[in-house]
Amino acid sequence: MSRLAERFRNLQHQGRTALIPYVTAGDPEPGFTVPLMHAMVASGADVLELGVPFSDPIGDGPVIQQACERALRHGTGIRDVLGMVRRFREQDAETPVVLMGYMNPVEIMGYAAFAREALESGVDGALIVDMPPEEMAEVAEYLEGEGLDSIFLVAPTTTEERMQLICDKARGFVYYVSVKGVTGGDGGLDVEAVGGRVQRLRSMTGLPVGVGFGISDADMAARMGAVADAVIVGSALVRRIEANQGDAERARCEITTLVADMRRALDAGTVPA
Amino acid sequence: MSNTSEATRQPIDFASFPDARGHFGKYGGQFVPETLMAPLRELAEAYARYREDPEFVAEFQSDCKDFVGRPSPLYLAARWTRETGGARIYLKREDLNHTGAHKVNNTIGQALLAKRMGKTRVIAETGAGQHGVATATVAARLGLECVVYMGADDIQRQAPNVYRMRLLGAEVVPVTSGSRTLKDALNEAMRDWVAHVDDTFYIIGTVAGPHPYPMMVRDFQSIIGRETREQMLAVEGRLPDALVACVGGGSNAIGLFHPFLGDESVSLYGVEAGGHGIATGEHAAPLSAGRPGVLHGNRTYLMEDDNGQIIGTHSVSAGLDYPGVGPEHAWLKDINRAVYTSVTDDEAMKAFHALTRTEGIIPALETAHALAYAEKLARELGPDRCLVVNLSGRGDKDIQTVAEREGIEL
């Protein structure tokens, strides 16, 4: 059983919703990321999502774009990100780590090399934002060959037919995008509509369904957590790095506080099974 | 797809490309966030329906004639030919189109499609501002709300076009992320589209982006090549020996080339921006010096580093300052159907002056790249041959840039 599957199974037994924080690897500098990963786990993260910096992140809003630019100023590339996961694994063999990024860095590294080195580094899955299932055949072969989970987005615009296609190809969990838009939108989340779509997805797959994009505080995390198996929080955390440039300790502290608040709100809002 | 001489001897049915999912060999495709997959499908279906619809085709043709002023002339540059001392050089005068460049052929087609699809808002990216102006123009005419994304640095270098777009009622949004040029404007337009898919039509200005854009833009621009073919047969009684066009994203080049792809006797030359010279790394020539990757929804040749990050480009011409290129060009390069080469900023400037002085035509700096190569090629081919250069745009927008380079204050 994969680390992701095992983590979700345990959470389900406890009747808890998974909390998945996202940060861009190497933001604001390479040394910040691994200690932050441990700190987020200590504050209640169940799975970690690590962004692979890319120069042209078309699915991301300004907050994560700027995180990518900060990381790229130090030249953080895809192999550096794998190195961070490897160092994280020296102290944590339990918490699943998923990479989120774009196609081109993977393309340049080569699918076979990426899949092999990702597995060796302790990565559990990959979400490639600009790789819909129609274009993934070759990459997926290598990822699956190494036992890595391919995670896909489902959007508010996704048709029923495509939802089924995505569910058939997805591994690990299915990531439902709660808004039409890029990451980091403010407000306007329709919990009821999201809940309906999550239910529809659950009728198509046995995989857990996570919800992300625009979840900015503990209250919204709890409301989304009530209708999904996992909530994914990215821009709200990255904003703490942006707001505290030059004060790494304070950035880390504000991020872990927000993660802990969300953890408490999620646990308070869920009824044990 | 193989690039062996064995394969090129077999006739390729160029009209059958791309395949149903937008692939030209290994290039093209649809590499976009999931939110855009449904609108892209809606667009592909609408385009498939209307491209066969006699009413749509008739409206496109009548707009091209009465609003744009087509057919554009095919002009023998007699004095420049004499001074060059080689093949007869014909200019396909896209600079005489309404708005001053080939870009309007495509914006008319896409705006008519947007209207039929019930979209009330159009967005566009622009580099030199020509596509932005062409989009703002058709939006004004059809009563569509229009937002144009433009790199903050390009806004500085192309101020007259920015003002034109605003006069036409468009909102011009400066893009300050990344390299603050065309590629970043494209990123920002994509993000806008992701957030406004219900009412918004994204009018991409070149033969890049996800399927069906490379095909659709090519089809609208192919009017250039179809006219050229008829005009050449009328004046020369035969097809040209060579076609030359500049290549940024590659829409004016594919528009000229496409109707000739099956004619083996016609050599095709795409001219990229060599900037300060390929060896310096400061250029915008992915086909000449890049490698395949994925950007802006398609797989194609890119300027990128070893980590797969897109790197900064340089060209004196804002319209060529793009790190990618249309996927059909990538494929034509690999199968050796077209030759891609580059000329430097300095060579382009020289050709800019040469044409202006000998023919009384001020070309766009983008076009000047094609002219610089055409001069060399004309000499190589010799006097018995003839070639056509796509005079893709006029140079009024560039006089400030030219003056600054030459230390002249206007």
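The following paragraphs examine the structure supplied in this document. Fair warning: this is a prediction, and the values are worked out from it, not measured in the lab.

Observations regarding the packing of aromatic side chains
Residues and elements named next belong to chain B.
1) Next: Following the criterion strictly, the structure yields 14 aromatic pairs over all chains and no others.
2) Next: Ring centres of tyrosine 50 and phenylalanine 56 lie 5.8 Å apart, and the angle between their planes is 35 degrees; this geometry places the pair in the tilted category. For the pair shown, tyrosine 50 and phenylalanine 56 are each scored as buried.
3) Next: Grouping aromatic residues by their ring pairs yields a cluster made of Phe14, Phe17, Phe24 and Trp331.
4) Next: Its guanidinium or amino end placed over the ring of tyrosine 75, arginine 93 lies 5.8 Å from that ring's centre, counting from NZ or CZ.
5) Next: The cationic tip of lysine 333 hangs over the ring face of tyrosine 301; the distance from NZ or CZ to the ring centre is 5.4 Å.

A few points about the side chain of aspartate 321 of chain B
Residues and elements named next belong to chain B.
1) Next: By the element assignment, aspartate 321 lies in the loop between strand 12 (297–302) and helix 14 (327–334).
2) Next: Here the side chain of aspartate 321 touches threonine 313 through a polar contact of 2.6 Å, side chain to side chain.
3) Next: What aspartate 321 contacts, discounting residues up to four positions off in sequence, is Arg157, Thr181, Leu182, Ala284, Thr313, His314 and Ser315.

So, the interface of chain B and chain A
1) Next: Residue-level contacts link 40 residues of chain B with 39 residues of chain A.
2) Next: Interface area, chain B with chain A, both sides summed: about 3000 Å², of which 50% is carbon and sulfur.
3) Next: When the shortest N-O distance is used, the salt bridge between glutamate 107 of chain A and arginine 299 of chain B registers 2.5 Å.
4) Next: Remark: the boundary between chain B and chain A carries 21 residue pairs in polar contact (both at pLDDT 80 or more).
5) Next: Of all the secondary structure elements, the ones that give two or more residues to the side of chain B that touches chain A are strand 2 (27–31), helix 2 (37–50), helix 9 (182–195), strand 11 (291–295) and strand 12 of chain B.
6) Next: Considering each element in turn, the side of chain B that touches chain A owes the most residues, eight residues, to helix 9 of chain B.
7) Next: Residue composition of the side of chain B that touches chain A, grouped by class: 15 nonpolar, twelve polar and 13 charged.

Examining the sheet that holds strand 13 (residues 339–343) of chain B
Residue and element names in this part refer to chain B.
1) Next: Strand order in the open sheet formed by six strands is 3-4-14-9-10-13, with mixed pairing between adjacent strands. Either end of the sheet is taken by a strand with one partner, and the two such strands are strand 3 (74–76) and strand 13. Neighbour-to-neighbour, the strand axes of the sheet open up by a mean angle of 25 degrees, direction not taken into account.
2) Next: Here six bridges tie strand 4 (residues 88–93) to strand 14 (residues 386–391), and the two strands are oriented parallel to one another. Bridged to lysine 92 within strand 14 is asparagine 390.
3) Next: In the packing of helix 11 (residues 223–236) onto the sheet, the strands contacted are strand 3, strand 4 and strand 14, and the crossing angle to strand 4 comes to about 140 degrees.
4) Next: Lying on the sheet, helix 16 (residues 365–381) is in contact with strand 4, strand 9 (242–246), strand 10 (267–273), strand 13 and strand 14; it crosses strand 9 at an angle near 155 degrees.

With respect to helix 16 of chain B
1) Next: When the terminal C-alpha atoms of helix 16 of chain B are compared, their 24 Å separation across 17 residues agrees well with the 24 Å that a helix rising 1.5 Å per residue should span.
2) Next: Of the residues trailing helix 16 of chain B, glycine 382 of chain B is marked for its positive phi of about 90 degrees.

Cut-offs used in this document
Residues numbered from 1 in each chain as written. Chains lettered and ligands numbered in written order. Predicted model: local features only at pLDDT ≥ 70, side-chain atom pairs only at ≥ 80, totals over all residues. Heavy atoms only, no water. Phe/Tyr/Trp six-rings, centres within 6.5 Å; stacked < 30°, edge-to-face > 60°. Buried < 20%, exposed > 50% of the residue type's maximum accessible area, 1.4 Å probe, protein only. Lys NZ or Arg CZ within 6 Å of the ring centre and 35° of its normal. Helix = DSSP H or I, 4+ residues; strand = E, 2+ residues; numbered from the N terminus. Polar contact = N/O pair within 3.5 Å; in protein donor to acceptor, adjacent residues only side chain to side chain. Contact = heavy atoms within 4.5 Å. Buried area = accessible area lost by both parts, 1.4 Å probe. Salt bridge = Lys/Arg side-chain N within 4 Å of Asp/Glu carboxyl O. Nonpolar A, V, L, I, M, F, W, Y, C, P; charged D, E, K, R; others polar. Pairing = 2+ DSSP bridges. Axes fitted to C-alpha atoms, helices over the stretch in contact; angles between N-to-C directions. Expected span 1.5 Å × (residues − 1).

Without other data, these values stay purely geometric and don't point to any function.
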